[in-house]
Amino acid sequence: MDVKTDVLIIGSGIAALQAALVLEKHFQIQIVTKSSIYMSSSYRAQGGIAAVTSEEDHIQHHIADTLKAGEYHHEKRHVKTLIKNGTEIMQNYLKDGLPVDRQVDGKPALGLEGAHSHHRILHAGGDRTGQIFIDYLLHKLSPKTKINCYEMAYELLRNTDGDCVGVLTKGEKGTKRYLAHHVILATGGAGALYSSTSNFPTNTGDGIALAFRAGAAISDMEFMQFHPSLLWCKNEAKGLVSEAVRGAGGIFVNAQHQPIMTGLHAQLDLAPRHITALALFTKRAAGEETFIDITNIQDFEVKFPTIAQLCHVHRVHLQDGLIPVAPGSHFLMGGVIADDKGRTTIPNLYAVGEVACTGVHGANRLASNSLLEGITFGQKMAQFIIQKGCHQKNFLLEKHQCADKMPPLFSKPQLQQNMMRFLGIVRNMDDLQHFVKQLPSLQSLIQVNLKGLELAELELFMMHVVATLMAHAAITRTETRGAHIRTDKPEMESHWASRWIIFSQGQMKVRNSLYEYHQTRGNAQAIF
Ligand code: SIN
């Protein structure tokens, strides 16, 4: 069964909804999402949205914090766009009535998070920021924008000119073919590749896998951010304990209530995440338990209702003043290479939000910059598509050449445990080599025929595509930078500065820029 639309958006987080809101005034929009509209990292976001709204703060400070936290591995012009345009968009949302938490004088109450030099985190409902923002956007969306839930996109469709013109999806009712003038990937990240994660189980990096198989360029896959504080009960991660808790006075401690971030790490409870996550990982590897001491925080339940509820469900008693925490996967800095208009290296295919790699997060994202990324680039991409219009005439699909059988794969739990062990917070060459030998080859991942696979099989395959890209990138970057920590190469190496590991057409290359491209038919084409 074919569904035809002007613009197809795959995913339903903040970037998808922001784009839909702008686009629906001009075109017919179809959203397709893998699960419920509420199962996105955006909806789960606790901390908030970083934006410059106070007189003490300045855009230059926010830019400087972003670059420092990400170890200067950025596309700097995109960082400037993110902070400048993002701040303007947020100021408009505030004027428009977005219900953020406010002080008694009516000004927004601004939180503090890791690596921010100023209080600048806008939040809503205490720690329910994502939920409130997504509900606000959904409420604004017109009913003419169609939303199909519980359909997983598994193959992008290109026409005989190479333009992206649609996607195949699989849902409980079987396979569907969507055809569109513009196809937007807003599928989120890949935290669920790991056994300990803050992400929903559906965050399996599908958009990256789809784009890679279709031939789009992918980069920065070695940079997975681990959040230092996931609620840890019965040897499992149970959800996020926001960095805002430490911004409000929480302190990392061991079971004896001694501060963890001491010595070299003095006063660094709010250091960038790669530093705090490594410190907690090191303690736990030495057999210690790790906690956040919340005794300094008044009215915890009022400030952090989601976290209080999570603790209650898992029988963690807040009156004891200690929340057990451990690090886990949280945000992928890498993804499908896209410019500030969302354009990928495939004509009419766009990527926005966590699935995209625009170079704004560097080697380690600054806290609360991701919702800002979603609204900023979601809006810029939508404006570009409006300007371009819907003029595709060629919906004749290129012949499918995928003929290979499925290579051997790990089971889902095996893969997640191996990712944690071999591609986790710390990595080394021997482990990575051992792991990559057990994963399919880059070429074979492109050639496998996915026809007839069940949903769970498709998802497991997508996870292996993403894991393989991550493993190759982590082996290749022989240094430590940001979230990519190599115990055998513990220093940042100058020859790796401003070097990007880029995958395209089944090959991997190291490049001096994310955007070594020439213009072909108006779209950015990576050179290989
Ligand atoms: C948090 O609330 O700690 C997470 C915020 C983020 O990842 O930006």
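Up top is the structure these notes are about.
Residues numbered from 1 in each chain as written. Predicted model: local features only at pLDDT ≥ 70, side-chain atom pairs only at ≥ 80, totals over all residues. Heavy atoms only, no water.

Trainee: Mind laying out the site of the ligand, listing which residues take part and the relevant values?
Mentor: Lining the immediate surroundings of the ligand are G47, E113, H227, L240, S242, E243, R273, H330, R365, A367 and S368. Here an oxygen atom of the ligand and a backbone polar atom of E243 are 2.7 Å apart. In the environment of the ligand, an oxygen atom lies 2.7 Å from a nitrogen or oxygen atom belonging to the side chain of R365. Here the ligand loses 94% of its free accessible area of 260 Å² to cover by the protein chains. Taken together, the residues of the shell around the ligand sort by class into two nonpolar, five polar and four charged. (Near = heavy atom within 4 Å. Polar contact = N/O pair within 3.5 Å; in protein donor to acceptor, adjacent residues only side chain to side chain. Areas by Shrake-Rupley, 256 points an atom, 1.4 Å probe, with all protein chains shown as cover. Nonpolar A, V, L, I, M, F, W, Y, C, P; charged D, E, K, R; others polar.)

Trainee: Can you explain the side chain of R343? Please cite residues and give values.
Mentor: Checked against the element boundaries, R343 lands in the loop between β16 (335-337) and β17 (349-351). Looking at R343, the relative accessible area reads 13%, which means it is buried. Of note is the side chain of R343, whose polar atom sits 2.9 Å from the side chain of D339. (Helix = DSSP H or I, 4+ residues; strand = E, 2+ residues; numbered from the N terminus. Buried < 20%, exposed > 50% of the residue type's maximum accessible area, 1.4 Å probe, protein only.)

Trainee: I'd like a rundown of the environment of G482, residues and numbers included.
Mentor: Take G482: it is sitting in the loop between α15 (455-476) and β19 (500-504). When near neighbours in sequence (up to four residues on either side) are disregarded, G482 contacts E71, H274, A363 and N364. (Contact = heavy atoms within 4.5 Å.)

Trainee: Quick one: what's the story with the packing of aromatic side chains, residue by residue and with numbers?
Mentor: Counted by the stated rule, this structure contains nine aromatic pairs. Arranged with centres 5.2 Å apart and planes meeting at 85°, the rings of Y194 and F226 form a pair that is edge-to-face. Placement of Y194 in the loop between β9 (174-185) and α6 (206-214) and of F226 in strand β11 (residues 224-233) is noted, with a sequence separation of 32 residues between them. Considered together, Y194 and F226 belong to a single accessibility category, that of buried residues. Consider the rings of F410 and F435, whose centres lie 6.1 Å apart with planes at 25°: the pair is stacked. Taken together, the residues F410 in the loop between α11 (370-388) and α12 (412-422) and F435 in helix α13 (residues 429-437) connect sequence positions 25 residues apart. Across the pair, exposure class does not vary: F410 and F435 are buried alike. Residue placement shows R77 over the ring face of Y515; its charged tip is 5.4 Å from the ring centre. (Phe/Tyr/Trp six-rings, centres within 6.5 Å; stacked < 30°, edge-to-face > 60°. Lys NZ or Arg CZ within 6 Å of the ring centre and 35° of its normal.)

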